[in-house]
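Notes for the structure review
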Amino acid sequence: MSAATVYRPSSGSGERSTQPRCSNRFTTSGQGGWDDDWNFPESLEDEIVQAFENVERTLATAGATWRDVISVNSYHVPESAEFIGEVHNRVMVEQFRERMGDRAPIWTEIGVPALGAPKMRVEIRVTAIVG
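No experiment lies behind these values; they were computed from the predicted model shown.

Focus: the confidence of the model for the chain
With 83% of its residues at a pLDDT of 70 or more, the chain has an overall mean of 87. Mean pLDDT across the elements of the chain ranges from a minimum in strand β1 (residues 2–7), with 39, to a maximum in strand β5 (residues 69–76), with 98. A low-confidence stretch, residues 1–18 stays under pLDDT 50, and its non-local contacts, those more than four residues away or across chains, total 43 contacts.

Spelled out as structure tokens, the structure:
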């Protein structure tokens, strides 16, 4: 396995990050719905859309797009103890359809008690086949 050192455009910090890449397979680190200054939107829907934007920006560093994505793991702070939530599910599916058309990735949606930042409610990690 080789690694591609790429700029993480969605980190806002200008740091460099190693994204695992094996041949034409590219895997991102988890991307949240932060802006370039690490601010999170008040709206959960806006946060999920921004997380998709941040994944798209990261994919672009490898010459990939959402249409190249084959697998998605998404992590969600649930709206209740029984269910991840209607907004999480609805917006995720809307974003898949908008960005991937009639293709659907393998998707695992996981509820978690907390994520990497206090206001973070969603994180998305993808694997793409590039080229």
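Text resumes after the structure shown.
Here's the deal with helix α2 (residues 86–100)
In this model α2 runs 21 Å from its N-terminal to its C-terminal C-alpha over 15 residues, within 8% of the 21 Å that 1.5 Å per residue would give. Taken together, the buried positions of α2 are H88, N89, V91, M92, Q95, F96, R99 and M100. Buried-residue contacts for α2 involve α1 (44–60), β5, β6 (106–111) and β7 (122–129). G101 occupies a position one or two residues after α2 and carries a positive phi of about 65°.

Digging into the packing of aromatic side chains
As enumerated under the stated definition, the model contains 6 aromatic pairs in all. Both rings, one in W34 and one in W38, keep their centres 4.5 Å apart while their planes meet at 35°; by these two values the pair is tilted. Among the residues examined, W34 registers a relative accessible area of 4% and is labelled buried. The class for W38 is partly exposed, based on a relative accessible area of 38%. Taken together, the ring pairs in this structure connect F52, W66, F96 and W107 into an aromatic cluster.

Points about the pattern of salt bridges
For the structure on display, the rule yields 7 salt bridges. One salt bridge in this structure joins E53 and R99, with 2.8 Å as the shortest N-O distance. A residue pair is termed long-range when its members are at least 10 positions apart, and E53 in helix α1 and R99 in helix α2 qualify at 46 residues. Judged by its relative accessible area of 30%, E53 falls in the partly exposed class. Between E86 and R90 there is a salt bridge whose closest N-O contact spans 2.9 Å. Remark: R90 and E86 occur in helix α2; sequence separation between them is 4 residues, near one turn of the helix. Put simply, E45, E86, R90 and E94 are held in one network by salt bridges that share partners.

Rules of the game
- Residues numbered from 1 in each chain as written.
- Predicted model: local features only at pLDDT ≥ 70, side-chain atom pairs only at ≥ 80, totals over all residues.
- Heavy atoms only, no water.
- pLDDT = per-residue confidence, 0-100.
- Helix = DSSP H or I, 4+ residues; strand = E, 2+ residues; numbered from the N terminus.
- Contact = heavy atoms within 4.5 Å.
- Expected span 1.5 Å × (residues − 1).
- Buried < 20%, exposed > 50% of the residue type's maximum accessible area, 1.4 Å probe, protein only.
- Phe/Tyr/Trp six-rings, centres within 6.5 Å; stacked < 30°, edge-to-face > 60°.
- Salt bridge = Lys/Arg side-chain N within 4 Å of Asp/Glu carboxyl O.

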